[in-house]
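Here is how the chains run, residue by residue.
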Amino acid sequence: GAVVSQHPSWVICKSGTSVKIECRSLDFQATTMFWYRQFPKQSLMLMATSNEGSKATYEQGVEKDKFLINHASLTLSTLTVTSAHPEDSSFYICSARPGQWGPEAFFGQGTRLTVV
Amino acid sequence: KNQVEQSPQSLIILEGKNCTLQCNYTVSPFSNLRWYKQDTGRGPVSLTIMTFSENTKSNGRYTATLDADTKQSSLHITASQLSDSASYICVVSANSRGSYIPTFGRGTSLIVHP
């Protein structure tokens, strides 16, 4: 099956620093990738939809200047949390969709971000 | 507003027993419904994907049903194992102009005790 690799699996950073999370589709091209965050015992919340070669579409309430998304190639999307604060501590998950119109999406293993 | 409601919120069963998880949704226009298993600290892994015309689909010990009329789905786990302990998430996608927009349920936390 299709594999999506997310890196790093966990990261601890100091408040005020920036953190980059990578999402790679290993054996397929992903025109569209999605970024989610998940708080403990909560559902996944869609943050933004990233399309290769164009600007990401952010969900309402998500600060685009704080959560920078870059989808420079068909196999890589990155999420950069800028000037991180303790309230940004969360579980971030990406998913990638093979093809432009397919319904299936495959998830990365997630990144646990802790801001101290 | 598209919504997905899952029940129960949490469930504890003994190893070897069966259990059924429920998912009710109000998503339109309906495209597909997926059940995911999410282990703690990991990304979700797809169990089944069901389209409008499918009523039942099995994946090993997991059997999902879909009633598009009542907008309900269930995930039945047979002969539970300790490794089934996880969160099970129901995701329903709407088809908007060829793009699939997912709505996530909050998940059911399943704990299987020996």
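Residues numbered from 1 in each chain as written. Chains lettered and ligands numbered in written order. Predicted model: local features only at pLDDT ≥ 70, side-chain atom pairs only at ≥ 80, totals over all residues. Heavy atoms only, no water.

A word on the interface of chain B and chain A. The partner chain A presents 17 residues to the 18 residues of chain B that form the contact. Taking both partners together, chain B and chain A bury about 1500 Å²; carbon and sulfur atoms supply 53% of that area. Looking only at chain B, the three residues that lose the most surface to chain A are Y100(B), F104(B) and R106(B), adding up to 34% of its buried area. The tally of links between chain B and chain A comes to zero salt bridges. Taken together, the connections running from chain B to chain A amount to four residue pairs in polar contact (both at pLDDT 80 or more). Looking at the side of chain B that touches chain A, the elements that each hand over two or more residues are β4 (30-38), β5 (45-51) and β10 (99-104) of chain B. Classifying every residue of the side of chain B that touches chain A by side-chain character gives six nonpolar, eight polar and four charged. (Contact = heavy atoms within 4.5 Å. Buried area = accessible area lost by both parts, 1.4 Å probe. Salt bridge = Lys/Arg side-chain N within 4 Å of Asp/Glu carboxyl O. Polar contact = N/O pair within 3.5 Å; in protein donor to acceptor, adjacent residues only side chain to side chain. Helix = DSSP H or I, 4+ residues; strand = E, 2+ residues; numbered from the N terminus. Nonpolar A, V, L, I, M, F, W, Y, C, P; charged D, E, K, R; others polar.)

Let us now look at the pairing of strand β9 (residues 86-96) of chain B. All names here are of chain B. When you tally the buried positions in β9, you get eight out of eleven residues, the bulk of the element. As defined by bridge partners, β4 adjoins β9 across eight bridges and the pair is classed as antiparallel. Note that in β9 the partner of K37 across the bridge is Y88. (Buried < 20%, exposed > 50% of the residue type's maximum accessible area, 1.4 Å probe, protein only. Pairing = 2+ DSSP bridges.)

What follows concerns the pairing of strand β8 (residues 76-81) of chain A. Residue and element names in this part refer to chain A. In terms of residue burial, β8 counts as a mostly covered element, since six of its six residues are buried. Side-chain alternation along β8 places L76, T78 and T80 on one buried face and S77, L79 and V81 on a second face that is also buried. The pairing of strand β3 (residues 19-25) with β8 spans six bridges and is classified as antiparallel. Opposite R24, over in β8, you have L76 as the bridge partner. Examined bridge by bridge, strand β7 (residues 67-73) and β8 share five bridges and lie antiparallel to one another. Considered in β8, the bridge of L68 is made with T80.

Before going further, it helps to spend a moment on the side chain of K37(B). All names here are of chain B. When you line up the elements, K37 lands in strand β4. Although K37 lies buried, it forms no salt bridge, and the closest oppositely charged side chain, D39, sits 4.2 Å away as judged by the N-O distance. Reaching out from K37, the side chain makes a polar contact with the backbone oxygen of S83 at a distance of 2.7 Å. Setting aside residues no more than four positions away along its own chain, K37 makes contact with G43, P44, V45, L47, Y62, S83, D84, A86, S87 and Y88. (Lys, Arg positive; Asp, Glu negative; His and termini not counted.)

What follows deals with the state of the cysteines. Applying the stated rule across the entire model yields two disulfides over all chains. Between C23(A) and C94(A) runs a disulfide, and the two sulfur atoms are separated by 2.0 Å. The disulfide joining C23(A) to C94(A) has a torsion of about 80° about its S-S bond and is therefore right-handed. In this pair, C23(A) sits in strand β3 while C94(A) sits in strand β9 (residues 90-98), placing the two residues 71 residues apart along the sequence. Using a relative accessible area of 0% as the deciding quantity, one classes C94(A) as buried. Here C23(B) connects covalently by a disulfide to C90(B), the sulfurs 2.0 Å from one another. (Disulfide = S-S within 2.5 Å.)

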